[in-house]
Every structure is written in C-alpha cells, then in structure tokens.
Amino acid sequence: MRIAFIVGPFPVLSETFILNQITGLLVRGHEVHIYGYKPDDTSKVHPDVEKYQLLDRTYYIPQIPKNYFLRFLKGLAFISTNFHKAPLVLLQSLNIFKYGKRAASMRLLYSIMPLLKSQPYDIIHCQFGMYGIDGMILRDVGAIKGKLITSFRGYDISWYVKACGENVYDELFVKGDFFLANCEFFRQRAIKLGCDDKKIVVHGSGIDCSRFTYKPRYPHPDGIRIVTTGRLVEKKGIEYGIRAVAEVVKLYQNIEYNIIGDGHLKEHLQQVISELNVADKVKLLGWKNQKEIIEILDKTHLFIAPSVTAEDGNQDAPVNTLKEAMAMGLAVIGTLHGGIPELVEDGISGFLVPERDVDAIAQKLHYFIEHPEVWEQMGRAGRVYVEEHYDINRLNDELVEIYQQVVMSHDELCNQLPKVSVPSESISFS
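Participant: I tried to follow the pattern of salt bridges on my own but got confused; where do I start?
Facilitator: Side-chain pairs of opposite charge can arise whenever the charged atoms involved come near each other. Overall, the coordinates contain 20 salt bridges when judged by the stated rule. Across the pair Arg2 and Glu31 runs a salt bridge whose closest N-O atoms are separated by 3.2 Å. Of this pair, Arg2 sits in strand S1 (residues 2–9) while Glu31 sits in strand S2 (residues 31–37), and the two are 29 residues apart along the sequence. Note that Arg356 is salt-bridged to Glu234, the shortest N-O span being 3.3 Å. Of this pair, Arg356 sits in the loop between strand S13 (350–353) and helix H15 (358–370) while Glu234 sits in the loop between strand S8 (224–229) and helix H11 (238–248), placing them 122 residues apart in sequence. Residue Arg356 is classed as partly exposed on the basis of its relative accessible area, which comes to 34%. Look at Glu234 and you get partly exposed, because its relative accessible area is 31%. Because the salt bridges share partners, they merge into one network encompassing Asp48, Asp208 and Arg211.

This is how it looks when you write it as structure tokens:
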C-alpha cells in the first residue's frame, strides 16, 4: 500500500509511537511518506530515523513568515511557480468563504506545497485529531487523495477539545473514514463527542519488546534507584513524585531518584528539589535517546508514572515510557488517570494511586522498600502484560489489517472489522 502520515514536528524523541508504526510499515513492504513540520531541536534523534533514512521520505511544510507582508509575497511566489501543476487546488486553498482563517492567513496554501507532486494514497493516516482536521481539509481541496484515518492519542482528545470546544471534531467524525484511539478511555471520549462507535477501535501504541531486555530486580548494596521518564509538563505530575521521594528519604537515605526528560517546568522542578533539600537524591537528567534510557533503566529498581489531569484538561494514555519500564522488569507506581489503569494492573504489576496524592505514592514506595521480594513477581507480570498487549510487531500487523479493511467499501468494512485477530482487552468493536 501507499501510505501518507500527516504529523506535527518530525522526528521528535517523545513520539516514538509514530516512528514505530512508520518503520513497521516499511519493514512489511509498504511505501510511506511523511508530511509535517521541521522540529526545533534535532540534536537528539532516534537511531531508526537514520537506519530507515526517514528524512528522505519526509516532506516539510515551508516555514510561514510571521510578517504578513512577507508571507503574502512568499505565497504569491508559490502560486506563480506552481500554478500550472494544480491550479484548482491552489485556488481552493485561497477560498476564504469555505476555509476562513486557514485560507485568509495563507496557512492552507503553505500546507499544500509539499503535496503538489504527490500521487494518490491508499491510506492517509493522521496522527492526533488536529492533524486529522488538517488531513480532511487537504483532501477536500484535492491536495491529497486516499482513505482518511485519524489516531486520537491524548492531548488531542482532552486539552484540545477543552480549548476549542466539544464540536471541534464534528465535521471530521462525518468525513473521516475511520478512527483509532490508543486506549478505551479515549475511545469512549471520542464516542461521547459524536464519533460513530462503529468507526473507531482501540489500537494501542506499541514498543519493540526485543529492545527492552527483561531482568529480575533485587536490592543493591549501593541503594535503590527510582526513575520517572517524561516531559517536564504539568500532566506528567513529576512534582508529586519528587515530593513523595522527599518524604521517603526521611526514613531511607539510600535512595536515588532520576528524572529523564525536559520541558518548561524544569526550573520550577529544580526549585522544588532545592526547597525540599533533596538535590543529592533527585536529579533532572534532561533528554536521553532510547539507548541511554535503556542503560539507565537497566540499573533501576522502581519506576514512577505520577500523571495527573492538567488544569487545561490535558490527559495521558497508557504511556510508552511506562511500558518500556515494565518490559524491563521494573515494578511500577502509576495513577488512576486517563488510560494508565488499562496498562498497570493494581497489585499485580505495580500499584495505582489517586492523582496528586503525595502520601499515597510515598506509602507505596515504603511498601516496595520494605518488601523487595515482590519486585521480581510484579516485574515479571508487567513484562508478560506488555508483551501480550503492546508488542509493536503484533500491533503493526493489526494496523496493516485495519488499513486493508478500511480500503474496502463501507459495507465490507462493517462486515470484516470484527475479524481483526487481537485480544478483546486491546481492541474493541461495537
């Protein structure tokens, strides 16, 4: 199949789930093109970007000048140079009566530039709901052709809906051919917003379990190492992990808490660490690539994912960093938040605590420290669960099957979709 991925900035380290799908499709012999924006920071990239020469398959939207006069001049140059290629598409992109601000600001014109030479696709896969809207409009103006699939992944079905209104996806739900949600929690959210329950299934974000070697965890004379991986933003709840560790070190000094990631809360979190007098115990390590993360996790005993619902409504799905830790045999502490309870089985592979509950996180850390005999049992249960539900190879096979079924007619699709061979816990059909 010929498949187009419509994404945001690409590539970025925090979105390996997109990378995993692209490389999985390439390995299976499909042709994939990527349409997105150049990221601000390319100092650290996943090794698969180079291995699969993904930048050669990536087409970037030209940078849009902030100055409206310069934007207009650059837009005129685009039109004069490319008008012979697709005159109707170019004219449609300037239809302010139909496309409003997108057309008036010339953003739609800039968006179609990488697509002018594109051939029809079997599948247009839009990663995140807002890019689904983009894909819908690009298809409307004739810039791209193919069946439109949109994946909902978290902030697009939580924060974005709160910011733009509950009707923001109404047209997409009608015009989109099919939808994927990375957990049942967000699938139900989409249905509540108006998505036809027959047009959306759960398709989880997978990881390559073979890259994350399992090993049982035992106490070490050098102390207990705890890790959190995630962007330093509100919904990751990292401040609550720091405060919980600060409580625990009052009784247990031999603890090290490493936080992998970066973000706009870095300065605030560093201040919290200083105020709590735990700078010798808690370290902000910044961004790490996958190899570096694996090396850190290999020397770690426990993992905390203290996600919370942010003030702007942003929520998490079952996060990949948590899956990676579980795949490597770490016992975990997660929160009763978003899709995380679909990943962590409370009392089996780890513990679930209420959001923003520092005392509850501290209590579970106390329990783990006092009962190291449960580490191996919970770590093994986590590995098994991730292998069964989130193995990228199985999920990519499932994705190809969904694509093939979406390419069929609507009637055939309704008859065929229940045949997707995946566990009922992982994907739901109505």
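Participant: Whenever I open this one, helix H13 (residues 290–298) confuses me. Can you help?
Facilitator: Of all the positions in H13, only Gln290, Ile293, Ile294, Ile296 and Leu297 are classed as buried. The buried residues of H13 occupy an angular sector of 165° when projected down its axis, which confines them to one face. Of the surrounding elements, those touching the buried residues of H13 are S8, strand S9 (255–260), strand S10 (282–286), strand S11 (302–305) and helix H14 (320–327). Structurally, the start of H13 carries an N-cap: the backbone nitrogen of Lys291 is 3.2 Å from a side-chain oxygen of Asn289.

Participant: Please clarify how the sheet that holds strand S5 (residues 147–152) should be interpreted in this entry.
Facilitator: Backbone-to-backbone hydrogen bonds pair the strands of a sheet. The strands run either parallel or antiparallel. In spatial order, the strands read S3-S2-S1-S4-S5-S6-S7; together these seven strands make up an open sheet with parallel pairing. Among the strands making up the open sheet, the edge pair consists of strand S3 (58–60) and strand S7 (200–202). Here the strands of the sheet are splayed against their neighbours by 20° on average, with no regard to which way each runs. Bridge count between S5 and strand S6 (residues 178–181): four bridges; the pairing is parallel. Bridge pairing in S6 places Thr150 opposite Phe179. Lying over the sheet, helix H7 (residues 129–140) contacts S1, S2, strand S4 (123–127) and S5, oriented at roughly 165° with respect to S5.

Reading guide: rules and limits
- Residues numbered from 1 in each chain as written.
- Predicted model: local features only at pLDDT ≥ 70, side-chain atom pairs only at ≥ 80, totals over all residues.
- Heavy atoms only, no water.
- Salt bridge = Lys/Arg side-chain N within 4 Å of Asp/Glu carboxyl O.
- Helix = DSSP H or I, 4+ residues; strand = E, 2+ residues; numbered from the N terminus.
- Buried < 20%, exposed > 50% of the residue type's maximum accessible area, 1.4 Å probe, protein only.
- Arc of directions from axis to C-beta.
- Contact = heavy atoms within 4.5 Å.
- Polar contact = N/O pair within 3.5 Å; in protein donor to acceptor, adjacent residues only side chain to side chain.
- Pairing = 2+ DSSP bridges.
- Axes fitted to C-alpha atoms, helices over the stretch in contact; angles between N-to-C directions.

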